[in-house]
Amino acid sequence: MKTLISASENKVEALFDKRFGRAAWFCIYDEISGAIEFVENENVNASNGAGSKAAETVIAHDVKKVISGDFGPKAKELLEKFEIQMVIIQDDSLTIERIITKLRK
């Protein structure tokens, strides 16, 4: 199963970003293979619809779980439609590496 984590940078040492649609990067972690991939959020500066476009990125990468701090109503609706689990974390002092370590347990 693939999990997407909203990230501030494209490295595992980067801080988690609570802003789903406005995160600069998305870390995609494959829980089966252990592979880690970073995808740039091309819509980070969109005037509107950033959350929906981020949700489309999730769907395009066959992700089944998203970890972020906030989901707008349109993004939430789209993720629910595709039965993608949303996990909300409020601690933006966590690194991507720490979150992945917790997923591995």
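Structure's up top.
Now for a quick tour of the structure. Here the structure is a predicted model, which means the values were calculated and not measured.

### Some remarks on the packing of helix 1 (residues 50-60) against helix 2 (residues 73-81)
Here is step 1: Interaxial distance between helix 1 and helix 2 falls to 7 Å at its minimum, and their mutual angle equals 25 degrees. When the axes of helix 1 and helix 2 are compared, the pair comes out roughly parallel. Seen from above, helix 1 lies across helix 2 with right-handed handedness. Packed against helix 1, whose contacting residues are G51, S52, A55, E56, V58 and I59, the element helix 2 presents K74, A75, L78 and L79 at the interface.
Here is step 2: Tallied by class, the residues present in the contact of helix 1 with helix 2 amount to six nonpolar, two polar and two charged.

### Considering the sheet that holds strand 1 (residues 2-7)
Here is step 1: The five strands lie next to each other as 3-2-1-4-5, forming an open sheet whose pairing is mixed. The open sheet has two edge strands, strand 3 (36-40) and strand 5 (85-88), and neither has a second partner. When the angles between neighbouring strand axes are averaged without regard to direction, this sheet yields 20 degrees.

### Describing the packing of aromatic side chains
Here is step 1: Counted according to the given criterion, the structure contains two aromatic pairs.
Here is step 2: Their ring planes at 40 degrees and their centres at 6.0 Å tell us that F20 and F26 sit as a pair that is tilted. For the residue pair F20 and F26, the accessibility class agrees, reading buried in each case.
Here is step 3: Centre to centre, the rings of F20 and F71 are 5.1 Å apart; their planes meet at 50 degrees, and the pair counts as tilted. Taken together, the positions of F20 in the loop between strand 1 and strand 2 (25-30) and F71 in the loop between strand 4 (65-68) and helix 2 put the pair 51 residues apart, joining distant regions of the chain. Comparing F20 with F71, the two get one shared label, buried.
Here is step 4: Each member of the aromatic cluster is reached from another via a ring pair, and the members are F20, F26 and F71.

### Here we look at helix 3 (residues 96-104)
Here is step 1: Regarding helix 3, the residues found buried are I96, I99, I100 and L103. When helix 3 is viewed along its axis, its buried side chains cluster within an angular range of 100 degrees and face the same direction.
Here is step 2: Looking at the buried positions of helix 3, the neighbouring elements they touch are strand 1, strand 2, strand 3 and strand 4.

Criteria and cut-off values
Residues numbered from 1 in each chain as written. Predicted model: local features only at pLDDT ≥ 70, side-chain atom pairs only at ≥ 80, totals over all residues. Heavy atoms only, no water. Axes fitted to C-alpha atoms, helices over the stretch in contact; angles between N-to-C directions. Helix = DSSP H or I, 4+ residues; strand = E, 2+ residues; numbered from the N terminus. Parallel < 35°, antiparallel > 145°, perpendicular 65-115°, else oblique. Left-handed = near helix turned anticlockwise from the far one by under 90°. Contact = heavy atoms within 4.5 Å. Nonpolar A, V, L, I, M, F, W, Y, C, P; charged D, E, K, R; others polar. Pairing = 2+ DSSP bridges. Phe/Tyr/Trp six-rings, centres within 6.5 Å; stacked < 30°, edge-to-face > 60°. Buried < 20%, exposed > 50% of the residue type's maximum accessible area, 1.4 Å probe, protein only. Arc of directions from axis to C-beta.

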